[in-house]
Amino acid sequence: MDALSDDRGQTLVLVAVLLAVAAVALVGLRTLSDRILDVARDDRAGEAAVAAAGSAVADLRLLRARELGHELDRAETAAFVAEPTVDNAARDAAVRLAREHGRADPAGVEVLSFGYEIEVHLTLAGRPHTALLEAAP
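Computed from a predicted structure; not experimentally measured.

**Description of the overall build of the protein**
Counting secondary structure elements, the protein contains 3 helices and 3 strands. If you list the helices and strands of the protein from N to C, you get α-α-α-β-β-β. A globule of 137 residues ought to have a C-alpha radius of gyration of about 14 Å, yet the protein, at 27 Å, is considerably larger. Across its three principal directions, the C-alpha atoms of the protein cover 100 × 25 × 20 Å. Looking at the protein residue by residue over its 137 residues, the buried ones come to 28%. Residue pairs in contact within the protein that sit at least 24 positions apart in sequence constitute 52% of those at least 6 positions apart.

Structure below.
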């Protein structure tokens, strides 16, 4: 009697096939799980980086307002944002936080003004992040 023709042999073949399918499914789930976690880590790192960049810009704006003795008006806000030190401070803070999260340096760090408001934009792992700093006019 052939081992594969008897009922026990066929059962063993079926069990082996089912185990192979289960192994493939587990590997696929693990890969998908790793991708999902990596995306979540990228998002958290991007949010932390843009928050740090925004905080650095806010600190500089507060210092400028104290030096002037009043809140920055629209023209002063635009001039402040155009200063290279502001852009550099935002970039340095964003890079530091991204690296602390084990991620690549953010790209496209920009500090923009819209009236009294200041926005900090950056891209990390292909995803854009924005921080908005509002000022009392």
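**A closer look at unusual backbone geometry**
At Ala-125, a residue that is not glycine, the phi angle is positive and equals roughly 55 degrees. With respect to the secondary-structure elements, Ala-125 resides in the loop between β2 (117-124) and β3 (127-133). For Ala-125, a relative accessible area of 46% translates into the label partly exposed.

**Topic: the pattern of salt bridges**
Where charged atoms from two side chains of opposite charge approach closely, those side chains can pair. Per the counting criterion, the structure on display carries 8 salt bridges. Notably, a salt bridge pairs Arg-64 with Glu-83, separated by 2.7 Å at the nearest N-O pair. Taken together, the positions of Arg-64 in helix α1 (residues 7-68) and Glu-83 in the loop between α2 (74-82) and α3 (84-100) put the pair 19 residues apart, joining distant regions of the chain. The class for Glu-83 is partly exposed, based on a relative accessible area of 23%. With its nearest N and O atoms 3.1 Å apart, the salt bridge here joins Arg-91 to Asp-87. Pair noted here: Arg-91 and Asp-87 are both in helix α3, with a separation of 4 residues, about one helical turn. A residue is classified by how much of its surface remains accessible, and Arg-91, at 32% relative accessible area, is partly exposed. A relative accessible area of 22% places Asp-87 in the partly exposed class.

Parameters at a glance
- Residues numbered from 1 in each chain as written.
- Predicted model: local features only at pLDDT ≥ 70, side-chain atom pairs only at ≥ 80, totals over all residues.
- Heavy atoms only, no water.
- Helix = DSSP H or I, 4+ residues; strand = E, 2+ residues; numbered from the N terminus.
- Rg over C-alpha atoms; globule rule 2.2 N^0.38 Å.
- Buried < 20%, exposed > 50% of the residue type's maximum accessible area, 1.4 Å probe, protein only.
- Contact = heavy atoms within 4.5 Å.
- Salt bridge = Lys/Arg side-chain N within 4 Å of Asp/Glu carboxyl O.

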